[in-house]
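# Structural characterization, general
Take a look at the letters that make up each chain.
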Amino acid sequence: MSREINERIPVLKLGDILLVTIQVDMHDQLALTLQNELTEKIVETQAHGVVIDISGLEVVDSFIGRMLSNLASMARVLDAETVVCGMQPAVAITLVELGLSLPGIRTALNAEQGIALLQGHPAAPVEARGHAPAAP
Amino acid sequence: MPPLHRETLAIVTEQDVVRTRHRVRQEAVRLGFKLVDQTKLVTAASELARNALVYGGGGTMTLETHADGGRTTLQLTFEDDGPGIADVEAALEDGYTTGAGLGLGLGGSRRLVSEFELVSHPGGGTRVRIARSV
């Protein structure tokens, strides 16, 4: 249950884009650590884009939501654009009901589209879009 | 009617907040909640557990399962002995916070569940009970 203790979230560099895949249920300190490491890595690598894949997150509460918003703002100040991708439909429904709309964050359905968005290629039409699960 | 199941978890560290999320998810899955409803319950629990930790200086979550008239209800009660909430009405409004948060925790978690009850007195701790039926 507590395998996330002391875990770090890897930040991968792909060209001038940083890719972060969050696959653990983050406790608050881990979220703050990620914020620090990612901003340092943006400066170090002079990245122009950050893709944060949250497809592995089953819950985004107000703390994690705020962390994502803050990350996007910090990255923007450091001249990097952030795209959050892969949000599960149940998480999206819950976030909006909670009252969080993640202002200032660009989103994509998956990491591939997130990267395409940052590379300036408009995402190709998504054939899966019509099959997205409907809200209950 | 006595609950079918009852257990209490301590909320003393950030890891405990993660643990309460996992336990609520596990129980919601076991009771057959739909994925969206599981997610709403777990998210509300996360907000309230963090409140108990950050504002209440730590507390407990009591998880209960009730069966009444063919409906199964998951009830979560968060209790702390912290300073309490001076203005409960204001605390339930979006954007109200006495700390560094967004002020969405209480009002937001109320929107995610079907039953929400908050009892708090200045100096007398805070108790929040939420529930949702399958």
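Since the model is a prediction, treat every value here as computed from it, not as a measurement.

### Regarding the overall build of chain B
Scanning chain B for helices and strands turns up four helices and five strands. Whereas a compact globule of 134 residues would reach a radius of gyration of roughly 14 Å, chain B reaches 14 Å, a difference of no more than 12%. Taking the principal axes of its C-alpha atoms as reference, chain B extends roughly 40 × 30 × 25 Å. Looking at chain B as a whole, 41% of its 134 residues qualify as buried. The long-range fraction of contacts in chain B, counting pairs at least 24 apart against all pairs at least 6 apart in sequence, stands at 64%.

### What to know about the confidence of the model for chain B
Mean pLDDT over chain B: 92, with 98% of residues reaching 70 or higher. Across chain B, strand β1 (residues 5–11) of chain B holds the top mean pLDDT of 97, while helix α3 (residues 88–91) of chain B sits lowest at 86.

### Digging into the environment of B:Ser120
Residues and elements named next belong to chain B. The residue Ser 120 is located in strand β4 (residues 115–120) in this model. Residues Ser 120 and Gln 75 lie 45 residues apart in sequence; the distance between their C-alpha atoms is 18 Å. With near-sequence residues (within four places) excluded, Ser 120 lies in contact with Gly 84, Ile 85, Val 88 and Thr 126.

### With respect to the pairing of strand β2 (residues 59–68) of chain B
Residue and element names in this part refer to chain B. Looking at chain direction, β1 and β2 are connected through seven bridges and run antiparallel. In the sheet register, Ala 10 faces β2, and the bridge partner there is Thr 60. Sheet topology places β2 next to strand β3 (residues 71–80); 10 bridges connect them, and they run antiparallel. Bridged to Thr 65 within β3 is Leu 74.

### Thoughts on the packing of helix α2 (residues 35–54) of chain B against helix α4 (residues 105–112) of chain B
Residues and elements named next belong to chain B. In the contact formed by α2 and α4, the axes pass within 9 Å of each other and the chain directions differ by 155°. With respect to α4, the element α2 is oriented roughly antiparallel. When the axes of α2 and α4 are compared, the crossing they make is left-handed. Of the residues in α4, those in contact with Lys 40, Thr 43, Ala 44, Glu 47, Leu 48, Arg 50 and Asn 51 of α2 are Gly 105, Gly 108, Ser 109 and Leu 112. In terms of residue class, the contact of α2 with α4 is made up of three nonpolar, five polar and three charged.

### With respect to the interface of chain B and chain A
Tallying the contact residues gives 26 residues for chain B and 23 residues for chain A. At the level of elements, α1 (14–31), α2 and α4 of chain B are the ones that each hand at least two residues to the side of chain B that touches chain A. In terms of residues, the side of chain B that touches chain A owes the most to one element, α2(B), which gives nine residues.

### A look at helix α4 (residues 111–118) of chain A
Each full turn of the α-helix corresponds to 3.6 residues, which orients residues three or four apart in the same direction. All names here are of chain A. For α4, every residue scored as buried is listed here: Gln 113, Gly 114, Ile 115 and Leu 118. Looking at the buried residues of α4, the elements they touch are β1 (11–14), β2 (17–21), β3 (49–53), β4 (81–85) and β5 (106–108). The positive-phi residue at the C-terminal boundary of α4 is Gly 120, with phi of around 85°.

### Thoughts on the nonpolar core
One finds A:Val50, A:Val51, A:Ile52, B:Leu41, B:Ala45, B:Ala49 and B:Leu76 to be the most contacted residues of the largest nonpolar core, which totals 60 residues. Per-element accounting of this core gives the leading share, eight residues, to α2(B). The contacts of B:Ala49, once residues within four sequence positions are left out, are B:Ile11, B:Val17, B:Thr20, B:Met61 and B:Phe78.

### A closer look at the sheet that holds β4(A)
Residues and elements named next belong to chain A. Across the sheet, five strands lie side by side as β1-β2-β3-β4-β5; this open sheet has mixed pairing. For this open sheet the edge positions go to β1 and β5, each flanked by a neighbour on one side alone. When strand polarity is set aside, the average angle formed by the axes of neighbouring strands in this sheet is 25°. Where β3 meets β4, five bridges bridge the pair, whose relative direction is parallel. The residue of β4 that forms the bridge with Val 51 is Val 83. Against the sheet, helix α1 (residues 28–45) touches β1, β2 and β3, its axis set at about 160° to β2. In the packing of helix α2 (residues 62–77) onto the sheet, the strands contacted are β3 and β4, and the crossing angle to β4 comes to about 155°.

What counts as what
- Residue numbering note: each chain is counted from 1, following its sequence as written.
- Here chains are named by letter from A upward and ligands by number from 1 upward, in the order in which they appear as written.
- Restriction of local features to residues with pLDDT of at least 70 applies here, the model being predicted, together with a cutoff of 80 or more for giving and counting side-chain atom pairs; totals for whole chains, interfaces and linings are based on all residues.
- Only runs of H or I of at least four residues qualify as helices and only runs of E of at least two qualify as strands under DSSP, and these elements are numbered from the N terminus.
- Radius of gyration: over C-alpha atoms. The globule rule applied is 2.2 Å multiplied by the number of residues raised to the 0.38 power.
- With C-beta atoms placed from the backbone, a residue is labelled by how many other C-beta atoms lie within 10 Å of its own: buried for 20 or more, exposed for 12 or fewer, partly exposed between the two.
- The contact criterion used here is simple: two residues whose C-beta atoms, placed from the backbone, lie within 7 Å are in contact.
- What pLDDT expresses is the predictor's confidence in each residue, scored from 0 to 100.
- Only strands that DSSP links by at least two bridges are regarded as paired with each other.
- Lines fitted to C-alpha atoms define the axes here, with helix axes fitted over just the stretch in contact, and angles between the N-to-C directions of these axes take values from 0 to 180 degrees.
- In this scheme, roughly parallel covers angles under 35 degrees and roughly antiparallel covers those over 145, while 65 to 115 is roughly perpendicular and the rest are oblique.
- Each crossing gets its handedness from the near helix: less than a right angle anticlockwise from the far helix is left-handed, clockwise is right-handed.
- Residue polarity follows a fixed list, in which Ala, Val, Leu, Ile, Met, Phe, Trp, Tyr, Cys and Pro are nonpolar, Asp, Glu, Lys and Arg are charged, and the others, Gly among them, are polar.
- Think of a nonpolar core as buried Ala, Val, Leu, Ile, Met, Phe, Trp, Tyr and Cys residues, each tied to the set through C-beta atoms within 7 Å.

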